[in-house]
Amino acid sequence: MNDQTLAVLALFVASPVLGVIVAKFLRPNATPLEVLEQVQEERDRDRERINSLEEGQRTLTVDVRNLADYTHVLRQHIADGKGPPPPVWPEGLKP
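Residues numbered from 1 in each chain as written. Predicted model: local features only at pLDDT ≥ 70, side-chain atom pairs only at ≥ 80, totals over all residues. Heavy atoms only, no water.

Draft legend 1. Summary view of the overall build of the protein. For the protein, the helix and strand inventory stands at two helices and zero strands. As presented, the protein carries roughly 8400 Å² of accessible surface, and 63% of it is formed by carbon and sulfur atoms. (Helix = DSSP H or I, 4+ residues; strand = E, 2+ residues; numbered from the N terminus. Areas by Shrake-Rupley, 256 points an atom, 1.4 Å probe, with all protein chains shown as cover.)

The structure is reproduced here in structure tokens:
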């Protein structure tokens, strides 16, 4: 296949996908400003969702580090031959 054939095939495959995307944003009789506002609103919602996901990821990262630290302390407690009770849970990770 040559480059032109591949380009035509790619356009043929992408056309329905692009049509669905455009149809999602374009309402009948919508002005360009209305379409732009709709896209901006969706972008703002996406930005809020991303910020929320990133904050959740930061929280989980801290929790995993704290759990790893506690695991190290607990394993050392066992290796030192100390019996119950185990070391106290770190603040914020109590079950």
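Draft legend 2. How the structure looks around helix H2 (residues 32–79). Spanning 48 residues, H2 covers 69 Å between terminal C-alpha atoms, matching the ideal 70 Å at 1.5 Å per step. Those residues of H2 not exposed but buried are Val-35, Glu-42, Tyr-70 and His-77. Downstream of H2 by one or two residues, Gly-81 has phi in the positive range, about 80 degrees. (Expected span 1.5 Å × (residues − 1). Buried < 20%, exposed > 50% of the residue type's maximum accessible area, 1.4 Å probe, protein only.)

Draft legend 3. Seen up close, the packing of aromatic side chains. Under the criterion given, the structure shown has one aromatic pair. Centroid distance Tyr-70 to Trp-89: 4.8 Å. Interplanar angle 20 degrees. Geometry classified as stacked. Of this pair, Tyr-70 sits in helix H2 while Trp-89 sits in the segment after H2, placing them 19 residues apart in sequence. Judged by relative accessible area, Tyr-70 falls into the buried class, the value being 8%. (Phe/Tyr/Trp six-rings, centres within 6.5 Å; stacked < 30°, edge-to-face > 60°.)

Draft legend 4. Molecular detail of the environment of Trp-89. In this structure Trp-89 comes out as partly exposed when scored by relative accessible area, which is 35%. Residues Trp-89 and Leu-74, 15 residues apart in the sequence, show an inter-C-alpha distance of 9.6 Å. Sequence-distant contacts of Trp-89, defined by excluding residues within four places in its chain, comprise Leu-67, Tyr-70, Lys-94 and Pro-95. (Contact = heavy atoms within 4.5 Å.)

Draft legend 5. Spotlight on the environment of His-77. The topology assignment puts His-77 in helix H2. Assessed through its relative accessible area of 14%, His-77 is described here as buried. The sequence separation of His-77 and Pro-87 amounts to ten residues, and the corresponding C-alpha distance is 7.5 Å. A distance of 2.9 Å separates a polar side-chain atom of His-77 from the backbone oxygen of Gly-83. (Polar contact = N/O pair within 3.5 Å; in protein donor to acceptor, adjacent residues only side chain to side chain.)

Draft legend 6. Up close: the pattern of salt bridges. A complete count under the given rule lists two salt bridges for this structure. A salt bridge links Asp-44 to Arg-47, with the shortest nitrogen-to-oxygen separation between them at 3.6 Å. Of this pair, Asp-44 and Arg-47 are both found in helix H2, three residues apart, which corresponds to roughly one turn of the helix. By relative accessible area, which is 38% here, Asp-44 ends up partly exposed. Residues Arg-58 and Glu-55 are paired through a salt bridge, measuring 3.0 Å at the closest nitrogen-oxygen approach. Here the residue Arg-58 and the residue Glu-55 both occupy positions in helix H2, the gap between them amounting to three residues, near one helical turn. (Salt bridge = Lys/Arg side-chain N within 4 Å of Asp/Glu carboxyl O.)

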